[in-house]
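Commentary on secondary and tertiary structure
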Amino acid sequence: QEDETDDGLFKEIQISYGFFALSLNQALRLCLGSTSVGGQYGAISALSINNDCSRLLCGFAKGQITMWDLASGKLLRSITDAHPPGTAILHIKFTDDPTLAICNDSGGSVFELTFKRVMGVRTCESRCLFSGSKGEVCCIEPLHSKPELKDHPITQFSLLAMASLTKILVIGLKPSLKVWMTFPYGRMDPSSVPLLAWHFVAVQNYVNPMLAFCRGDVVHFLLVKRDESGAIHVTKQKHLHLYYDLINFTWINSRTVVLLDSVEKLHVIDRQTQEELETVEISEVQLVYNSSHFKSLATGGNVSQALALVGEKACYQSISSYGGQIFYLGTKSVYVMMLRSWRERVDHLLKQDCLTEALALAWSFHEGKAKAVVGLSGDASKRKAIVADRMVEILFHYADRALKKCPDQGKIQVMEQHFQDMVPVIVDYCLLLQRKDLLFSQMYDKLSENSVAKGVFLECLEPYILSDKLVGITPQVMKDLIVHFQDKKLMENVEALIVHMDITSLDIQQVVLMCWENRLYDAMIYVYNRGMNEFISPMEKLFRVIAPPLNAGRTLTDPFSFFSSSCCLAGRAYPLGDIPEDLVPLVKNQVFEFLIRLHSAEASPEEEIYPYIRTLLHFDTREFLNVLALTFEDFKNDKQAVEYQQRIVDILLKVMVENSDFTPSQVGCLFTFLARQLAKPDNTLFVNRTLFDQVLEFLCSPDDDSRHSERQQVLLELLQAGGIVQFEESRLIRMAEKAEFYQICEFMYEREHQYDKIIDCYLRDPLREEEVFNYIHNILSIPGHSAEEKQSVWQKAMDHIEELVSLKPCKAAELVATHFSGHIETVIKKLQNQVLLFKFLRSLLDPREGIHINQELLQISPSITEQFIELLCQFNPTQVIETLQVLECYRLEETIQITQKYQLHEVTAYLLEKKGDIHGAFLIMLERLQSKLREITHQGENTKEDPSLKDVEDTMVETIALCQRNSHNLNQQQLIVNLGCTLESPGELHPRSIKLKSLAMRPSHHHVLKLPSCSFKRLEPMLSQIPDSTKEENKTEGGITEQQVQVGVTAVKQKLRGQDVI
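Residues numbered from 1 in each chain as written. Predicted model: local features only at pLDDT ≥ 70, side-chain atom pairs only at ≥ 80, totals over all residues. Heavy atoms only, no water.

Per an unreviewed UniProt entry, the protein carries the name VPS8 subunit of CORVET complex and comes from Rhinopithecus roxellana.

Here's what the structure looks like:
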């Protein structure tokens, strides 16, 4: 039964107990053995066929081995003593030598079988290669080579790979037994199955065998090579990490492998990219496992537990591969899994009407980028030719399909969209295949049957032409292309196409006429240059077009003549490409002769001299002069070249210096150009030095305030280009100072190392004045300047310190801290303005200003800090306390005197507290509170409105906070009495405090002190230590009666209960 599915071709073969049925094309050819043999030997446990398919080796469950002649079906050998009795044959393998085979038994041993025929008698000699007592081998794989690789130097070693439960070994059977490699597994799942598989692969243009081995979820690849000395080297390649455990590994080809995991799912993997290409479920095969043989059940189960555990998943003898096909032995059938050939894969997509996908797949075969490729052999050119022929067939089918499925009715936009989706595919692949003949003949003729398809086809060519991927087009297609774009009024597109086309595909007369009519000047120049080698005629015509608007002062965005002449002078073609090398000298001479003409061919009486050079200078002076400079570089040093250069320079001077139409920038560009030319060592140009003096006067004219920055920049470029040698330096400096060209002055002073004068340049230049700080710092800190130069800059900075502070106080302070730290008192004396002094000291001393100054290295005396505090009291008194908290170097007594002088009571209290005089600080705060209460009372007598209590609340909060911070140092009874009396009546305070006069409150206006009771809660610990009632006669510490204490406690407790104090 054959069953072809999307996943492959499956074939079924029946197997009977004790029999082996070999079938080709589903026809039973041989029946080997008998039921009696099966009963004696047990089940077949291993099979192997030699290279020429003439011999078959069978291993049995009870340990016997038989050899059969596949031509006659005759039993040739029956071997019973090749290995120890009582063990099953797990593997038996022919090598490439038909007289040599390898077997592996359930004892874990490996034996070499040598077949001989002596005097007509067939014999078999056995040699133990590996004893199971040293570690049981459960998988063997000899290296087999294809007929075309039979002469490979490594085949003479007859390599054999063996996998035990702990390691991999590669040994050579010839010319003598030798171990070439041992590779331990590491820690593995003991139930995982060791797997081995050889294949020849090409690495760096050399074909060598590669061994894949795995156990569990990691596949290792080892490349085996033979060096010139005859030794074998094994190198590790990139290994493959999986997310599943393997029970079989099979090579399909050098790039593609098929893996079978423990849940019987196939994975097709590309070895180089490690990409999983496809997965197939094969549980329906009902795969046969070799567990009984690994457990040696037919001989009594005399195997180790480790080998029996591996055998649970062993299926070595149930899977075999040949010629890209994999055979799977199921309980009822044999299944064949094969990858489709490249042609079958393409045809499969075509049957599903996926033409675009079929072309993409075919192109991947053509480029050698496809994976799992089967059936495509030969060298690269042959493979490409085969695939290309198939792609052409598909393209014809694709074109027919595009025309057939075009909507017959409906909007034209629908038809256009249909062809826009399909026609570009045809164009793409025809050009990829380099089949322009096919594209512009059969394909174009076919698509031209539909006018919409024809238009879409022509539009598809545009991006290829613009990217120079399509240069040559047949004249007919080019003519149709131009007509099509003309009809759609896309003339700019036409121009862009023409300048990228091979001139031989154009009708020159038709194109030139069309270009003039539609003002396609780029295309017109291109046709003249490329088609007729004519460079001057188009420039003459175009100058007549662009000269009038430029001379009128208008700006042009498309200066065709400028670019054309510039390109010609530089040896390049316009608008792209290069002029042929043999024509470059001739073209340059022609263009020079053209540009230096005194008048144009059809000049009017009003035309100014040298119109062509004048026009180019008006358009872009700098760029035109740059082109001339490049051209001068290319000139050979002969008489004619020197004459051309001098002639051009004379004309430039005459046109620009004697004409007021040019801006200072344009004139400056000219003289910068001249200065560079004159500065060359081989210079032959002559320019009158007087002209440079005239330019200097022109640029430094004090009567012209317009374009000040532009004129200064132009003069600076002129000097930097070498023009300074053309001027008297003292005169240049005087004129620059007069014109306020401070960058020019800086340039000149720097040449003379007068760095101190440069400070004046920065300070006078409003655009760069803030850069003076960096300049001073660089001069004073960067090596390379002499001590005298640094001293002069230091002194200049000190002389201008007031200006520097006024400019940027923070940067000035940073500069002083870095370079003037030992002269801070001198700096302070120079700052007569108190506001500037305050700003400077704040930047220097207050770390919150954000400048990075190491206060420890600065070593500022306390008197300077106290001077800053006094200025702070004058100019910003509200910030004094916050600033004192971050300052360190000041004396408390002197600072207290300063704050008392400016009546900053809260600041004084803060300093007293810091000094340790808590009682004094408390009295000052209490006095401040009384003062606030008197103000409110006085305010209440004169107005009917309730006064604001914000100041009273703030002072009360500060006072209570002071009490809380220093409760352990205060007389608590004294504190409570003073606070309580203040709250009860502002006029009845303790005699030791400042007494206030009792205030008569108007009965109709009682003012409620709504102070925050939460602040009083901080006093609860103190109140808890004072009894609620005492005898009036007793006196407390400090002479306070207990009645006074009780009044204070009552007032404070009222606040704690949230009651208002009237």
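**Describing the packing of aromatic side chains**
Inspection of every chain in the model, using the stated rule, returns 16 aromatic pairs. With 6.0 Å between their ring centres and 80° between their planes, phenylalanine 692 and phenylalanine 727 make a pair best called edge-to-face. With phenylalanine 692 in helix H21 (residues 689-699) and phenylalanine 727 in the loop between helix H22 (708-720) and helix H23 (729-738), the pair connects residues that are 35 residues apart, well separated along the chain. No difference in accessibility class separates phenylalanine 692 from phenylalanine 727, as the two residues are buried. Here arginine 768 stacks its cationic end above the ring of tyrosine 762, 4.6 Å away from the centre of that ring. (Phe/Tyr/Trp six-rings, centres within 6.5 Å; stacked < 30°, edge-to-face > 60°. Helix = DSSP H or I, 4+ residues; strand = E, 2+ residues; numbered from the N terminus. Buried < 20%, exposed > 50% of the residue type's maximum accessible area, 1.4 Å probe, protein only. Lys NZ or Arg CZ within 6 Å of the ring centre and 35° of its normal.)

**Considerations on the sheet that holds strand E26 (residues 319-322)**
Spatially, three strands are ordered E26-E27-E28 in an open sheet, and the strand pairing comes out antiparallel. Of all the strands in the sheet, just E26 and strand E28 (334-338) have a single pairing partner and so form its edges. Each strand axis lies, on average, 25° off the axis of its neighbour in the sheet, ignoring direction. Of the strand pairs in this sheet, E26 and strand E27 (residues 325-329) are connected by four bridges, and their pairing is antiparallel. Among the inter-strand pairings, serine 321 is bridged to a residue of E27, identified as isoleucine 326. (Pairing = 2+ DSSP bridges. Axes fitted to C-alpha atoms, helices over the stretch in contact; angles between N-to-C directions.)

**Some words on the nonpolar core**
The biggest cluster of nonpolar side chains holds 137 residues, and the ones touching the most others in it are Leu652, Phe671, Leu715 and Leu804. Ignoring any residue separated from it by four or fewer positions in sequence, one finds leucine 652 in contact with Ile613, Leu617, Phe624, Leu625, Leu628, Val657, Leu670 and Phe673. (Core = buried A, V, L, I, M, F, W, Y, C linked by side-chain atoms within 4.5 Å. Contact = heavy atoms within 4.5 Å.)

**Focus: the packing of helix H7 (residues 412-432) against helix H9 (residues 451-466)**
Put simply, H7 and H9 touch, their axes get as near as 8 Å, and they point 50° apart. With respect to each other, H7 and H9 are oriented oblique. At the point where H7 passes H9, the crossing takes the right-handed sense. Here Ile412, Met415, Glu416, Phe419, Gln420, Val423, Pro424, Val427, Asp428 and Leu431 of H7 lie close against H9, whose contacting residues are Val452, Ala453, Val456, Phe457, Cys460, Leu461 and Tyr464. The residue makeup of the contact of H7 with H9, split by class, is 14 nonpolar, one polar and two charged. (Parallel < 35°, antiparallel > 145°, perpendicular 65-115°, else oblique. Left-handed = near helix turned anticlockwise from the far one by under 90°. Nonpolar A, V, L, I, M, F, W, Y, C, P; charged D, E, K, R; others polar.)

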